[in-house]
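# Coordinate inspection notes
Each chain is listed here by its residues.
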Amino acid sequence: DYTATAGSLAFGIGEVFKVITIPITDDAVAEQREVFSVRLFNVTGATLGITTNVVSIVDDDAFYALSAATFFVTEGATNVLVIVNRNGSTDNPGSVQLLTLDGTAFTGVDYIGTNLSLNFNVGQTSSAVNIGIIDNFVLKANSQFQVVLSNAVGGQLSAPSAATVFIIDNDSTN
């Protein structure tokens, strides 16, 4: 998360501060706040008031994922609720695209196709999307379609970034 650094500081006449550069590694791993210490020692020719300082690394990585890889809904339901979660840092706004893709269920026949951008505000960790289900009163086998996340902004995709929605047919032979 950072590169350990060691060295010496030499102050010229009239200098009252020095800058120490410690390289921080930007990775794509969601992590809690991390801390390390910077310590000054073996001082000659001066007295230090503070010899140790704590530095905090605040994670800036965000990850978008669906709340499940599989959803089930009865054909007679009005919609299926799909939740998109944002994990990791929520310190910045972000967005992710959500779209549906036909499988054995078809847009306009079995469900209402969706293609939208979900915008996340600072601090927001989830967004709910209702995808309409069409009760077509036709006896057939259960069907399915896909929900897919793409085009993450201010973060990246994490598993599951795609899910299958199974529509359980509610029509009978009677």
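Thresholds, definitions, all that
Residues numbered from 1 in each chain as written. Predicted model: local features only at pLDDT ≥ 70, side-chain atom pairs only at ≥ 80, totals over all residues. Heavy atoms only, no water. Pairing = 2+ DSSP bridges. Helix = DSSP H or I, 4+ residues; strand = E, 2+ residues; numbered from the N terminus. Contact = heavy atoms within 4.5 Å.

## Structural notes on the sheet that holds strand 8 (residues 126–132)
Where strands meet in a sheet, backbone hydrogen bonds hold them as pairs that are either parallel or antiparallel. The strand order 8-5-3-10 describes an open sheet built from four strands, whose pairing is mixed. At either margin of the open sheet sits one strand with a lone partner, and together these are strand 8 and strand 10 (156–157). Strand direction decides the pairing type here: strand 3 (residues 62–66) and strand 5 (residues 79–88), joined by five bridges, are antiparallel. Bridging from a neighbouring strand, Phe63 pairs with Asn87 of strand 5.

## Here's the deal with the environment of Asp169
Looking at where Asp169 falls in the secondary structure, it is placed in the segment after strand 11 (162–168). Once the C-alpha coordinates of Asp169 and Phe137 are considered, the two residues, 32 residues apart in sequence, prove to be 8.9 Å apart. In contact with Asp169, other than residues within four places in its own chain, are Glu75, Val138, Leu139, Lys140, Ala141 and Asn142.

## Some words on the pairing of strand 9 (residues 143–153)
Here seven bridges tie strand 6 (residues 94–102) to strand 9, and the two strands are oriented antiparallel to one another. What sits directly across from Leu98, in strand 9, is Leu149. The sheet contact formed by strand 9 and strand 11 spans six bridges and is antiparallel. Bridge assignment links Ser143 to a residue of strand 11, and that residue is Ile167.

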